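Descriptive structure summary
If you want the building blocks of each chain, they are given just below.
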Amino acid sequence: MLEHKVLYLDDEENNLHSFRANFRDKYKVFTAQTAEEALEVALENDICVAVADQRMPGKTGVEFFEELIQHKPDIIRILLTGYSDINAVIDAINKGQVYRYLTKPWNREELGIALDNAVDLYQTRRRLKEKEESLDKAKTELDKFVYSVSHDLRSPLMSILGVIDLAENEVTDPESIEYFKLIKQLVNRLDGFVLQVIDYYKGTHNFDDVHSIDFNELVGQVLENFKYNPLAEGVEVHSEIKQDGTFYSSGMKLSVILNNLISNAFKYQREKSEEKPRIEVRVTADDEEAVIMVKDNGAGIAEDKLRQIFNMFFRASRKNSGSGIGLYIVKESVERLKGSIVVDSKEGQGTTFVVTLPTLAVDNPL
């Protein structure tokens, strides 16, 4: 059974018979002598390629293609003409949006190659369209999943922590209290992983438009989130913001970057150190560029691990409790903001991350 359908429009009946005889063994051929008849055939059948003669009584081939585009824009169009007319060629390209332009009388081999290529193009475009529709569907389902994770999963986790807090206040047995602390640590670890999944999703999808950034406000909000976090206990935090001019970027992606870098700085402090744990957050920004530095005097990263820290699920230390996706999320977000990130670290002496970002156009699609 012939799968691909081809339509040939020509006002000369002999040409229609010739076309059908030459290509009926390869394609299911439909023919028409008028533009009106051809359009009706195209609307009723899944046509891949339409071939039309230019000079015909009534509508020309280009005029037929113009009308065809309005109803079936995916059909690949080939124009045939028996006379040299540069204006017809220009119209065919600009108005009829033709794929190929061939002269009459057509050569069977040349037209056959053009038809084969046109069918391939039609199939490729159709597969691409199907893939796009599939991706759109998958994105919608992923949106629903992330919403479920951020609401339906985190809510029970917070309830568990609330119940544990109540139980701790009523229990005096030291061993039971230790168990409660362990449960809280595990729940907080799970909640942290959930938040990183959400951060990853936010960092790699286009949720918000580019707008002006107030780094004082942005950094303040991120640091406020750690105010009551157990990781921040005993850590000295210093922030310095110097912003001169208006800087445009994605507030959501910047929050993801800052949140993960600062979280790591809190998380990976040295276990035993005479030096007081310290974190520095410095931002300098103007109309063209922003430089964000997050520095700590914590555990640091071994030199042989530095090249791998931005890989998904890589953890620089076996004894940490991280998920291994935080810095991957940061890298993805920085690249989407068309910026760069560098790291300087020495094991046992601390780590410094420097993110450099250009200002973006307000209508930037990210």
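First, a word on scope: everything that follows refers to the structure included in this document.

Cut-off values and rules
- Residue numbers restart at each chain and count upward from 1, following the sequence in its written direction.
- With the structure being a predicted model, the display of local features is reserved for residues of pLDDT at least 70 and the display and counting of side-chain atom pairs for 80 or more, all residues being used for whole-chain, interface and lining totals.
- Neither water nor hydrogens contribute to the side-chain values; these are computed over all heavy atoms in the structure.
- Between Lys or Arg on one side and Asp or Glu on the other, a salt bridge is scored when a side-chain nitrogen of the former is within 4 Å of a carboxyl oxygen of the latter.
- Numbering goes from the N terminus for both helices and strands, where a helix is a DSSP run of H or I of at least four residues and a strand is a run of E of at least two.
- A simple rule labels every residue: compare its accessible area, found with a 1.4 Å probe on the protein chains alone, to the largest value its type can have, and call it buried under 20%, exposed over 50%, or partly exposed in between.
- Criterion used throughout: strands pair if DSSP finds at least two bridges between them.
- Lines fitted to C-alpha atoms define the axes here, with helix axes fitted over just the stretch in contact, and angles between the N-to-C directions of these axes take values from 0 to 180 degrees.
- In this analysis, two residues are considered to be in contact whenever any of their non-hydrogen atoms come within 4.5 Å of each other.
- What the arc describes is the spread of directions from the helix axis to the C-beta atoms.
- Pairing of aromatic side chains here covers Phe, Tyr and the six-membered ring of Trp, requires ring centres within 6.5 Å, and sorts the geometry by plane angle: under 30 degrees stacked, over 60 edge-to-face, intermediate tilted.

A look at the pattern of salt bridges
Scanning the entire structure with this criterion turns up 14 salt bridges. Notably, a salt bridge pairs K104 with D10, separated by 3.0 Å at the nearest N-O pair. One end of the pair, K104, is in the loop between β5 (100-103) and α5 (108-170); the other, D10, is in the loop between β1 (5-9) and α1 (13-23), with 94 residues separating them in the sequence. Exposure class is identical for K104 and D10. Each is buried. In this structure, D116 engages K26 in a salt bridge whose closest nitrogen and oxygen atoms are separated by 2.9 Å. Of this pair, D116 sits in helix α5 while K26 sits in the loop between α1 and β2 (28-32), and the two are 90 residues apart along the sequence. Residue D116 is classed as partly exposed on the basis of its relative accessible area, which comes to 24%.

Describing the sheet that holds strand β7 (residues 236-243)
Strand order in the open sheet formed by five strands is β7-β9-β10-β12-β11, with mixed pairing between adjacent strands. Every interior strand has two partners, whereas the edge strands, β7 and β11 (340-346), have only one. Averaged over all adjacent pairs, the angle separating strand axes in this sheet is 10 degrees, with direction ignored. Where helix α7 (residues 215-225) meets the sheet, its contacts fall on β7, β9 (278-285) and β10 (289-296), and the angle it forms with β7 comes to roughly 160 degrees. Sheet contacts for helix α8 (residues 251-267): β7, β9, β10 and β12 (350-358); angle to β10, the most-contacted strand, approximately 20 degrees.

Focus: the pairing of β11
Sheet topology note: the β11/β12 ladder contains seven bridges and is antiparallel. The partner of D344 across the bridge, within β12, is T352. Turn length for the β11-β12 hairpin, with the two strands adjacent in sequence and antiparallel, is three residues, and the turn residue G348 shows positive phi of about 85 degrees.

Focus on α1
Taken together, the buried positions of α1 are N15, L16, F19, N22 and F23. When α1 is viewed along its axis, its buried side chains cluster within an angular range of 135 degrees and face the same direction.

Thoughts on the sheet that holds β1
In sheet architecture, strand pairing relies on hydrogen bonds along the backbone and comes in two forms, parallel and antiparallel. Strand order in the open sheet made by the five strands is β2-β1-β3-β4-β5, with parallel pairing throughout. Strand pairing shows two members of the sheet lacking a second neighbour, β2 and β5, which therefore form its edges. For this sheet, the mean angle separating the axes of adjacent strands, direction not counted, is 20 degrees. Across four bridges, strand β4 (residues 76-81) lies against β5 in parallel orientation. Looking at the pairing, T81 lines up with T103 of β5. Seen against the sheet, α1 touches β1, β2 and β3 (47-53) and runs at an angle of roughly 175 degrees to β2. Along the sheet face, helix α2 (residues 35-44) touches β1, β2 and β3 and points at about 170 degrees away from the line of β1.

Describing the packing of aromatic side chains
Taken as a whole and judged by the stated rule, the model has eight aromatic pairs. Each ring, one from F23 and one from W106, has its centre 6.0 Å from the other, and the planes form 40 degrees; the classification is tilted. Note that F23 is positioned in helix α1 and W106 in the loop between β5 and α5, a separation of 83 residues in sequence. Residue W106 is classed as buried on the basis of its relative accessible area of 16%. Relative to F353, the ring of F310 lies with its centre 6.4 Å away and its plane at 75 degrees, an arrangement referred to as edge-to-face. In this pair, F310 is assigned in the loop between β10 and α9 (326-336) and F353 in strand β12, connecting sequence segments 43 residues apart. Look at F310 and you get buried, because its relative accessible area is 16%. Its relative accessible area of 6% is what places F353 among the buried residues.

With respect to the environment of P105
Counting through the fold element by element, P105 comes out in the loop between β5 and α5. Along the primary structure P105 and G82 are separated by 23 residues, whereas in three dimensions their C-alpha atoms are 6.5 Å apart.

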